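What follows is the residue order along each chain.
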Amino acid sequence: PGVSGTFTGGGGRCPLYSPELVGSLGGVCERTRAADNLLVASVLEVQEGSPFASCEGLENVCTTFIQGEWKPAAACGGAADADGGSSEEEEVLELVVPADGSDGEDVIIEEEELGNDAPASSPALNAEVETLADGFEFTEGPIWIPATGANSSLPNATLLFSDMRTNTIYSWSEADGIGVYSNNSMGTNGKALDLDGQLVGFRSGPRNVARGADPETAQVVASEYEGARFNSPNDGAVNPVDGAIFFSDPIWGILARPNETQELDFHGIYRIDADDASLSLELGGLAMPNGVAFSEEGDILFVSDTGGLPIHPTPELRSDEPPPTISAWALQDGRVLQPPVPLWSREDFSDGMCYNDRGLWSTRSGMGPSEYGPKGLVLTDPATGQEIGHIPIDAPTNVECHTDQDGVLYVTSANKISKVTLL
């Protein structure tokens, strides 16, 4: 709508989807672009030598990186397609056609509803899920700014969250509704408040950690380890006892920018000391660390690791092992107890996490295999690692526990922000 031009492809396919490639169509991944309400249909084809060599891999690309709806061709078990056939790898091409959007609505989840084929060991928890705003492209990093105690430059009683694909930080409050907080997020993903009430951002754009209310003028507190730039700071948390900043450093930002290279040969969890800003590597043997959270006493660190990445841009690190995990680590004097052996660890796929008096909340997204349980917001016993239950939410990415209202959490997902009230 409102844009004119000429489509140069032939036969209803993208220009690069040539007759020579007939037989390699694995399927199409569709997502609605929030900015202009267009449907982007990405053709996923299989070619020998790509990191993915299966239909499951193509579906993973669709639901994870494109954040779309997977529509397999005949070769991958879908409807017969004249251009379809067996295939082994993918290449992403985009074709834009008009589409209609849809509005979110409130959902009441009763305890007896299991949903998502949930196993009996993970019952649905009583909760009300309210969509506060939708139409975004990929939301992340929710942080609640309390009514009192935060830096005066920050808006009080307000939720901040990022739309990663539009490089924007939004705000939401009961008083003012939705608004734009910053038009240049500097790639800020996760966020935290330090013990002085200052905003800390974990930034995949400039590949650093910075402190300050304005992303463009925030003070960089860490950007490299032993002379090498971080990979892509993703998420983090502040220890409630000593104020140290812990953060994860996976590869996602570099993966989205092929012109950048990885300088470190691992992915880790780091600690920034609150007193002298010294940096230490706390966990260096992780596959793809993601969410970070602390116990209320600050003596246990919780980490989600999404596991091996077959499409890793560094060939030496490409692997589908190890499996994804959530784990708990004992801290001594604010540092991970050595040697680093987890208190508990279980196979599970989670993005962001947070901790409150109910337990450890994690986000089991659509990227994770169904074998790990129902998708949504998952509650875990922090002492044992046993799953207590879940709240069905579509494609969650992160969760904020520390709000001014007891029993209220905020959840970001692929295209919306939700308020969860525990009943």
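Reading guide: rules and limits
- Numbers given to residues run from 1 along each chain, matching the order in which its sequence is written.
- Note on the predicted model: pLDDT of at least 70 is required for a residue's local features to be given, and 80 or more for side-chain atom pairs to be given and counted; whole-chain, interface and lining totals, by contrast, use all residues.
- With hydrogens and water excluded, all non-hydrogen atoms of the structure serve as input to the side-chain values.
- Helix and strand assignments come from DSSP, with helices taken as H or I runs of at least 4 residues and strands as E runs of at least 2, each series counted from the N terminus.
- Burial status follows relative accessibility: with a 1.4 Å probe on protein chains alone, a residue under 20% of its type maximum counts as buried, one over 50% as exposed, and anything between as partly exposed.
- For this analysis, residues touch if any pair of their heavy atoms sits within 4.5 Å.
- Accessible surface area values rest on a Shrake-Rupley calculation with a 1.4 Å probe, where residue burial reflects the displayed protein chains alone.
- If DSSP finds at least two bridges between two strands, the strands pair.
- We define a salt bridge as a contact between a side-chain nitrogen of Lys or Arg and a carboxyl oxygen of Asp or Glu at a distance within 4 Å.
- Note on terminology: disulfide denotes any pair of cysteine sulfur atoms within 2.5 Å.
- The convention used is that axes are lines fitted to C-alpha atoms, helices contributing only their stretch in contact, and that angles between N-to-C directions extend from 0 to 180 degrees.
- In these notes, a set of buried Ala, Val, Leu, Ile, Met, Phe, Trp, Tyr and Cys residues joined through side-chain atoms within 4.5 Å is what counts as a nonpolar core.

How do you make sense of the overall build of the protein chain when you look at a structure like this?
What the protein chain contains, in helices and strands, is 2 helices and 32 strands. For the protein chain, buried positions account for 54% of its 423 residues. Intrachain contacts of the protein chain at a sequence separation of at least 6 include 53% that bridge at least 24 residues. Within the structure as shown, the protein chain displays about 18,300 Å² of accessible surface, and the carbon and sulfur contribution to it stands at 47%.

What is the right way to look at the pairing of strand β13 (residues 208–211) in this model?
In regular strands, side chains alternate between the two faces of the sheet. Pairing between strand β12 (residues 199–203) and β13: 4 bridges, direction antiparallel. Counted as the bridge partner of Gly 201 is Ala 210 from β13. The turn joining β12 and β13, which pair antiparallel and follow one another in sequence, is formed by 4 residues; a positive phi near 60° is taken by Arg 207. Summarising the sheet, β13 and strand β14 (residues 219–222) pair through 3 bridges and their orientation is antiparallel.

Where do I start with the side chain of Asn 234 in this structure?
Note that Asn 234 resides in the loop between β16 (228–229) and β17 (236–238). Look past the residues within four positions of Asn 234 in its chain and what remains in contact with it is Asn 189, Gly 190, Phe 202, Ser 248, Pro 250, Trp 252 and Asn 290.

What is the right way to look at the pattern of salt bridges in this model?
Once their charged atoms are close, side chains differing in charge can pair, the charge on each being opposite to the other. Applying the stated rule across the entire model yields 11 salt bridges. Salt-bridge contacts for Arg 211 lead to Asp 194; the nearest nitrogen and oxygen are separated by 2.8 Å. Pair noted here: Arg 211 is in strand β13 and Asp 194 is in the loop between β11 (188–193) and β12, with a separation of 17 residues, a long-range link. For Asp 194, a relative accessible area of 10% translates into the label buried. Arg 207 serves as the salt-bridge partner of Glu 260, at 2.9 Å between the closest nitrogen and oxygen.

How should I be thinking about the state of the cysteines in this particular structure?
A covalent bond between the sulfur atoms of two cysteines is referred to as a disulfide. Tallied over the full model, the rule gives 1 disulfide. Across the disulfide from Cys 354 sits Cys 401; the S-S distance is 1.7 Å. Every disulfide takes its handedness from the sign of the S-S torsion; for Cys 354 and Cys 401 that torsion is 65°, giving right-handed. Of this pair, Cys 354 sits in strand β26 (residues 353–356) while Cys 401 sits in the loop between β30 (396–400) and β31 (408–413); the two residues are 47 residues apart in sequence, bridging distant segments of the chain. A relative accessible area of 5% means that Cys 354 is categorised as buried. Since its relative accessible area comes to 7%, Cys 401 is described here as buried.

Before we go on, may I ask you to explain the sheet that holds β12 in this structure?
The pairing of strands in a sheet comes from backbone hydrogen bonds and takes either a parallel or an antiparallel form. In space, the 4 strands of this open sheet follow the order β11-β12-β13-β14, with antiparallel pairing throughout. The open sheet has two edge strands, β11 and β14, and neither has a second partner. Averaged over all pairs of adjacent strands, the angle between strand axes in this sheet comes to 30°, irrespective of strand direction.

Help me understand the nonpolar core, please; the structure alone is not making it clear to me.
A general tendency of soluble globular proteins is for nonpolar side chains to be buried together. Membership of the largest hydrophobic core comes to 16 residues, with the highest contact counts inside it found for Phe 202, Val 209, Phe 247, Tyr 270 and Ile 272. Elements supplying a minimum of two residues to this core: β12, β14, β18 (245–249) and β19 (267–272). Sequence-distant contacts of Phe 247, that is, excluding residues within four places in its chain, are made with Phe 202, Val 209, Phe 230, Pro 233, Asp 235, Gly 236, Gly 268, Ile 269, Tyr 270, Ile 272, Leu 279 and Val 292. Listed in part, the 15 residues of the second largest apolar core include Cys 354, Ile 391, Ile 393 and Val 411.

When you look at the environment of Asn 151 in this model, what are you seeing that I'm missing?
Within the fold, Asn 151 resides in the loop between β7 (139–145) and β8 (158–163). Along the primary structure Asn 151 and Leu 199 are separated by 48 residues, whereas in three dimensions their C-alpha atoms are 7.9 Å apart. Residues within four places of Asn 151 in sequence aside, it is in contact with Gly 197 and Gln 198.

How should I be thinking about the environment of Glu 69 in this particular structure?
Considering the arrangement of structural elements, one finds Glu 69 in strand β3 (residues 69–72). If we skip the residues at most four places from it in the chain, Glu 69 touches Val 28, Cys 29, Glu 30 and Cys 62.

Read these as spatial facts, not as claims about activity.
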